[in-house]
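Next come the chains, spelled out residue by residue.
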Amino acid sequence: MMLLLAAVCAQAQTPQQWRDSVSTLIGAINKNPKDVNLRLLKGEANINLKQWEYAVQEYGYVLRLDEKNLAALYFRAFCHTQLHHYDLAKVDYETFLTIQPEHFEAHLGLAHTLQKLGRKTDTFDELNRIVQLFPDSAEAYAARAVYEAECKLYDAAVYDWDEALRLQPDNVEYAVSKVDVLIRQGRRREARDVLDALVRRGTSRGALKEWYDQLK
């Protein structure tokens, strides 16, 4: 029965298929209310239907049965962010990280939540922690660069975009993000050099028109 339900959920793609999965899982849960795996599967289906409150409720049931269930903590935190319940998301991410302290996505989720709460210092502390924990992750530097640019810390943002590009030199999104910051600083020649380098490496000039136009 469990394998069948897992297969149904794994293959479900359309909203109707997800709704059918939920109906099937509700029936199974009614027969086995303490089955954590069934409830996790239903939470997944609720998320795919963007039924955030139902998913939060389901993960709450799971955590009453298993207070250290990492999947329930992580995905309930995600659902809380979708509902703008940032204080609750923060608690779930922090609880998760006390159990599994080197989980990249949970750290990013916590940083995002702290940003939404308007806690600038705590956000930077968390982003710095991510870079320290994952120094070989381009995404870690990129996450910090995005926030630095939002805070108009342009020199710091350029540094982090450079670090991200050092780790992923072919990432066009990172390169144009650096260009955007350089343009904001008035460093137009450097911005053009980055764009021209992208073209030489195979990116079409048309794909970069938005940024070239800003340099006219």
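Since this is a predicted model, take the numbers as computed values, not measurements.

**Student:** How would you summarise the overall build of the protein if you had to cite specific residues and measurements?
**Tutor:** Secondary structure assignment for the protein yields 13 helices and zero strands. Along the protein, helices (α) and strands (β) appear in the sequence α-α-α-α-α-α-α-α-α-α-α-α-α when read from the amino end. Taking 2.2 N^0.38 as the reference for a compact globule, 216 residues should give roughly 17 Å; the C-alpha atoms of the protein span a radius of gyration of 22 Å, well beyond that estimate. With respect to the three principal axes, the spread of C-alpha positions in the protein is 70 × 35 × 25 Å. Taking contacts inside the protein between residues at least 6 apart in sequence as the whole, the part at least 24 apart equals 42%. For the protein, the accessible area works out to roughly 12000 Å², and carbon and sulfur atoms hold 50% of it.

**Student:** Which residues make up the packing of aromatic side chains, and what values go with them?
**Tutor:** Evaluation of the coordinates by the stated rule reveals eight aromatic pairs. Measuring from centroid to centroid gives 5.8 Å for Y74 and F96, while their planes differ by 55 degrees, and the two rings are tilted. Here Y74 is found in helix α5 (residues 70-82), whereas its partner F96 is found in helix α6 (residues 86-99), with 22 residues between them in sequence. Both rings, one in W161 and one in Y174, keep their centres 5.6 Å apart while their planes meet at 40 degrees; by these two values the pair is tilted. Within this pair, whereas W161 is found in helix α10 (residues 154-167), its partner Y174 is found in helix α11 (residues 172-184), the two being separated by 13 residues in sequence. Ring pairs connect the aromatic residues Y59, Y74, F75, Y93 and F96, which therefore count as one cluster. Stacked on the ring of Y61, the Lys or Arg R39 has its end atom at 4.5 Å from the ring centre. In this structure, R205 is placed above the aromatic ring of Y212, and the distance from its NZ or CZ to the ring centre is 3.8 Å.

**Student:** Which residues make up helix α8 (residues 120-133), and what values go with them?
**Tutor:** If you check α8, its first and last C-alpha atoms are 20 Å apart, about what 14 residues at 1.5 Å a residue would give, namely 20 Å. Looking only at α8, the buried set comprises T123, F124, E126, L127, I130 and V131. Projected down its long axis, α8 shows its buried positions confined to an angular sector of 160 degrees, all on one face. More than 90 degrees from the buried face of α8, the exposed residues found are T121 and Q132. Contact partners of the buried residues in α8: α7 (104-116) and α9 (138-150).

**Student:** So what's going on with the pattern of salt bridges? Which residues, and what values?
**Tutor:** Between side chains of opposite charge, a pair can form as their charged atoms come close. For the structure shown, the criterion picks out 16 salt bridges. The residue D160 makes a salt bridge to R144 at a minimum N-O spacing of 2.7 Å. Taken as a pair, D160 in helix α10 and R144 in helix α9 lie far apart in primary sequence, 16 residues in all. Here D160 and R144 have matching classes, each one buried. R166 is paired through a salt bridge with E163; the nearest N and O atoms lie 2.8 Å apart. Linking R166 with E163, this pair stays in helix α10, spanning three residues, or about one helical turn. Classification of E163 by relative accessible area gives buried; the value is 14%. Through salt bridges with shared partners, one network takes in R39, K42 and E58.

**Student:** I'd like a rundown of the environment of R129, residues and numbers included.
**Tutor:** Along the chain, R129 falls in helix α8. In this structure R129 comes out as partly exposed when scored by relative accessible area, which is 37%. Residues R129 and A140 lie eleven residues apart in sequence; the distance between their C-alpha atoms is 9.5 Å.

**Student:** Could you give me a rundown of the nonpolar core, with the residues and numbers involved?
**Tutor:** Formed by 36 residues in total, the largest nonpolar core has its most connected members in I130, W161 and L195. Of all the secondary structure elements, the ones that give two or more residues to this core are α7, α8, α9, α10, α11, α12 (188-200) and α13 (209-214). With near-sequence residues (within four places) excluded, W161 lies in contact with A142, A145, V146, Y174, S177, K178 and V181. A72, Y93, A106 and L110 belong to the second largest nonpolar core, which has 21 residues in total.

Reading guide: rules and limits
- Residues numbered from 1 in each chain as written.
- Predicted model: local features only at pLDDT ≥ 70, side-chain atom pairs only at ≥ 80, totals over all residues.
- Heavy atoms only, no water.
- Helix = DSSP H or I, 4+ residues; strand = E, 2+ residues; numbered from the N terminus.
- Rg over C-alpha atoms; globule rule 2.2 N^0.38 Å.
- Contact = heavy atoms within 4.5 Å.
- Areas by Shrake-Rupley, 256 points an atom, 1.4 Å probe, with all protein chains shown as cover.
- Phe/Tyr/Trp six-rings, centres within 6.5 Å; stacked < 30°, edge-to-face > 60°.
- Lys NZ or Arg CZ within 6 Å of the ring centre and 35° of its normal.
- Expected span 1.5 Å × (residues − 1).
- Buried < 20%, exposed > 50% of the residue type's maximum accessible area, 1.4 Å probe, protein only.
- Arc of directions from axis to C-beta.
- Salt bridge = Lys/Arg side-chain N within 4 Å of Asp/Glu carboxyl O.
- Core = buried A, V, L, I, M, F, W, Y, C linked by side-chain atoms within 4.5 Å.

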